[in-house]
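One-letter residues, chain by chain:
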Amino acid sequence: MSKTVAIANQKGGVGKTTTSVNLAACLASMGKKILIIDVDPQGNTTSGLGVDKRRCETTVYDCLIGGEPMENAILPTEFENLFVCPSNIDLSGAEIDLISVMGRENQLKNAIKPIKSDYDFIFIDTPPSLGLITINTLTAADSVLIPIQCEFYALEGVSQLTSTIRKVKEALNPSITLEGILLTMYDSRTNLSIQVVDEVKKFFPGKVYKTIIPRNVRLSEAPGFGQPVLYYDKGSKGAEGYMSLAKEFLGGEV
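Small disclaimer: the values here were computed from a predicted structure and weren't measured. (Residues numbered from 1 in each chain as written. Predicted model: local features only at pLDDT ≥ 70, side-chain atom pairs only at ≥ 80, totals over all residues. Heavy atoms only, no water.)

(A) Local environment of the sheet that holds strand E7 (residues 177–186). Spatially, the eight strands line up as an open sheet ordered E3-E4-E2-E5-E1-E6-E7-E8, and their pairing is mixed. Edge positions in the open sheet fall to strand E3 (75–76) and strand E8 (208–214), since each of these has one partner strand only. Two strands pair when backbone bridges link them, and strand E1 (residues 3–7) and strand E6 (residues 143–149) are joined in this way by three bridges, in the parallel orientation. Within E6, the position partnered with Ile-7 by the bridge is Leu-145. Its contacts with the sheet put helix H1 (residues 16–29) on E1, strand E2 (34–38), strand E4 (82–85), strand E5 (121–125), E6 and E7, and the angle it makes with E5 is roughly 165°. Of the strands in this sheet, E6, E7 and E8 touch helix H8 (residues 191–203), which is tilted by about 170° from E7. (Pairing = 2+ DSSP bridges. Helix = DSSP H or I, 4+ residues; strand = E, 2+ residues; numbered from the N terminus. Contact = heavy atoms within 4.5 Å. Axes fitted to C-alpha atoms, helices over the stretch in contact; angles between N-to-C directions.)

(B) Seen up close, the environment of Asp-118. By secondary structure assignment, the location of Asp-118 is in the loop between helix H5 (107–112) and E5. Judged by its relative accessible area of 40%, Asp-118 falls in the partly exposed class. (Buried < 20%, exposed > 50% of the residue type's maximum accessible area, 1.4 Å probe, protein only.)

(C) Representation of the pattern of salt bridges within the structure. In this structure the tally under the stated criterion is nine salt bridges. Residue Glu-151 pairs with Arg-215 through a salt bridge whose shortest N-O separation is 2.4 Å. Taken together, the residues Glu-151 in the loop between E6 and helix H7 (158–171) and Arg-215 in the loop between E8 and helix H9 (217–221) connect sequence positions 64 residues apart. With a shortest N-O distance of 3.0 Å, Asp-187 and Arg-189 are connected by a salt bridge. A residue is classified by how much of its surface remains accessible, and Arg-189, at 73% relative accessible area, is exposed. (Salt bridge = Lys/Arg side-chain N within 4 Å of Asp/Glu carboxyl O.)

(D) Up close: the pairing of E8. The pairing of E7 with E8 spans three bridges and is classified as parallel. Bridged to Ile-181 within E8 is Val-208.

(E) Just the nonpolar core, in detail. Grouped together as the largest cluster of nonpolar side chains are 33 residues, with contacts concentrated most on Leu-23, Leu-27, Ile-34, Leu-82, Phe-123, Tyr-242 and Phe-249. Element by element, the count of residues in this core is highest for H1, at seven residues. Residues Ala-6, Ala-141, Val-144 and Phe-204 belong to the second largest nonpolar core, which totals 23 residues. (Core = buried A, V, L, I, M, F, W, Y, C linked by side-chain atoms within 4.5 Å.)

Dropping the structure here:
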């Protein structure tokens, strides 16, 4: 049975795109058929998978606003079992375009429905905001994975996100659940990282993944080569971290 997972945090720079690309790639390498839907106008997930977003004739924008079937936008990547519904700067106008659309919160859900059973997992990489695109994502998702960086103000804004998820659950998507909390950019040399881990575990008891993603140069370099870190440097700490997360993710609830 297919599962749709939103990767969300309205704070930028926490590892949403890094997690979307690398968790998906690790699961795909384990034989799962994976689709990533890029709903961030920056299109970093798209380019991080080696797809030239400037040359995409059909994108997620066309599916959200133009009624284009999503199957027409989905592209294979060069990585086995891994597909992407791309995004580019066209999506930046979607927030305004959606305002006048009937049933605007359900546009992404309706676009995913015909193709959902074609994949084991669908990941949706969200923009760093709580606008209509993110609301669409939460309405379409079965669960939410929240990356939180091990830095100052790590939990800043997270209560706002969890409040939004709660409101979506009440009004639009009663079955949505919290998939888990992923700690990213961990530096074992600093007391701060250790303190943040403890703080997040207190805030989300029983929902924090045991796997913690380290701060890793290879993770930062890989997107520039259009590759998940598993393919860029399989032996890196970043690749090991996301492979560990993939196994934990498949193991069921945190």
